[in-house]
Amino acid sequence: MLYWSVVTLIGSGLGVWVYIAANAATVSALTGDISLTFGTIAQAFVITAAAFFGLSIWGYTTKTNLQPIGSFLIMAVIGIVAISLINVFFVESSGLPWLIQFAILGLMAGIVAWQTQGLKLMYADIAGDQRSMAVMTYYGALNLYIAFVNMFQVILMMLGNRE
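Here we summarise the structure given alongside this text. (Residues numbered from 1 in each chain as written. Predicted model: local features only at pLDDT ≥ 70, side-chain atom pairs only at ≥ 80, totals over all residues. Heavy atoms only, no water.)

**Focus on the overall build of the chain**
So, step 1. If you tally the helices and strands in the chain, you get 5 helices and 3 strands.
So, step 2. Taken along its principal axes, the extent of the C-alpha atoms in the chain is 55 × 35 × 30 Å.
So, step 3. As displayed, the chain offers around 9,600 Å² of accessible surface, 71% of which is attributable to carbon and sulfur atoms.
So, step 4. Taking the average place of the 4 positive charges on the side chains of the chain and the average place of its 5 negative ones, the gap between the two points comes to 17 Å. (Helix = DSSP H or I, 4+ residues; strand = E, 2+ residues; numbered from the N terminus. Areas by Shrake-Rupley, 256 points an atom, 1.4 Å probe, with all protein chains shown as cover. Lys, Arg positive; Asp, Glu negative; His and termini not counted. Charge placed at Lys NZ, Arg CZ, Asp CG, Glu CD.)

In structure tokens form, the structure reads like this:
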């Protein structure tokens, strides 16, 4: 139930982008004014889906153990959130939001590969336990969905027309 609640809330939040495109509205964001079209949304989705596919395949097939970098990635995301808040309320730098977006995109790329490999390893550990596998399916789907949505939103903001 929690899974579907979170997914519904995230989907509702994505509806804002569709509203902007449908009404040809311009929204003020940290990186400038953004106006979107449905073509921009489709382009951002295709780019995100292709990147997500490639990162998931790499995370699933790589022989390199990505598990040690997981803590670093999560701490880096927390650091980026802190830097973003400092920039919004105190510094108000004009170039920092772009750097933050690129950092978020890079971190989400690492998180997708790391989580994919982690799910593969967990499925191998709990093979045969149907209840645990069902729980891990929802857990993994939610984590990867959140990473996908974050990547999509960053790419969408980068592709949006800016004044």
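**Quick look at the packing of aromatic side chains**
So, step 1. With the rule as written, the count across this model stands at 3 aromatic pairs.
So, step 2. With 6.3 Å between their ring centres and 75° between their planes, Phe45 and Phe152 make a pair best called edge-to-face. Taken together, the positions of Phe45 in helix H2 (residues 38-61) and Phe152 in helix H5 (residues 130-159) put the pair 107 residues apart, joining distant regions of the chain.
So, step 3. Overall, Phe45 belongs to the partly exposed group, its relative accessible area being 44%.
So, step 4. With 5.4 Å between their ring centres and 85° between their planes, Phe52 and Phe148 make a pair best called edge-to-face. A residue pair is termed long-range when its members are at least 10 positions apart, and Phe52 in helix H2 and Phe148 in helix H5 qualify at 96 residues.
So, step 5. By the ring-pair criterion, three or more aromatic residues cluster together here, those being Phe45, Phe52, Phe148 and Phe152.
So, step 6. For the cation-ring pair, Lys120 lies above Tyr60, with the distance from its terminal atom to the ring centre recorded as 4.9 Å. (Phe/Tyr/Trp six-rings, centres within 6.5 Å; stacked < 30°, edge-to-face > 60°. Buried < 20%, exposed > 50% of the residue type's maximum accessible area, 1.4 Å probe, protein only. Lys NZ or Arg CZ within 6 Å of the ring centre and 35° of its normal.)

**A short note on the nonpolar core**
Inside soluble globular proteins, nonpolar side chains tend to come together where they are buried.
So, step 1. Core analysis: the biggest nonpolar cluster contains 33 residues, and Trp17, Leu36, Ile41, Ile111, Val112, Phe152 and Leu156 have the highest contact counts within it.
So, step 2. Broken down by secondary-structure element, the contributors of at least two residues to this core are helix H1 (2-22), H2, helix H3 (69-91), helix H4 (96-125) and H5.
So, step 3. At 10 residues, H5 tops the list of elements feeding residues into this core. (Core = buried A, V, L, I, M, F, W, Y, C linked by side-chain atoms within 4.5 Å.)

**Let's talk about the environment of Leu55**
So, step 1. Relative to the assigned elements, Leu55 resides in helix H2.
So, step 2. In this structure, the C-alpha to C-alpha distance between Leu55 and Trp114, residues 59 residues apart in sequence, is 9.1 Å.
So, step 3. Residues in contact with Leu55, not counting those within four places in the same chain, are Ala109, Val112, Ala113 and Met151. (Contact = heavy atoms within 4.5 Å.)

**Description of the layout of surface pockets**
So, step 1. When its volume is computed, the second largest pocket comes out at roughly 160 Å³.
So, step 2. Lining the second largest pocket, in full, are Gln67, Ile74, Trp114, Gln115, Gly118, Leu119, Met122, Tyr139, Gly140 and Asn143.
So, step 3. Among the secondary structure elements, those contributing two or more residues to the lining of the second largest pocket are H4 and H5.
So, step 4. For the lining of the second largest pocket, the leading source of residues is H4, giving 5 residues.
So, step 5. Grouping the constituent residues of the lining of the second largest pocket by class yields 5 nonpolar, 5 polar and no charged. (1 Å grid on protein atoms, 1.4 Å probe; cavity = no way out; pocket = protein on both sides within 12 Å on 5 of 7 lines; lining within 4 Å. Points joined across faces, edges and corners; volume = space filled by probe spheres on them. Nonpolar A, V, L, I, M, F, W, Y, C, P; charged D, E, K, R; others polar.)

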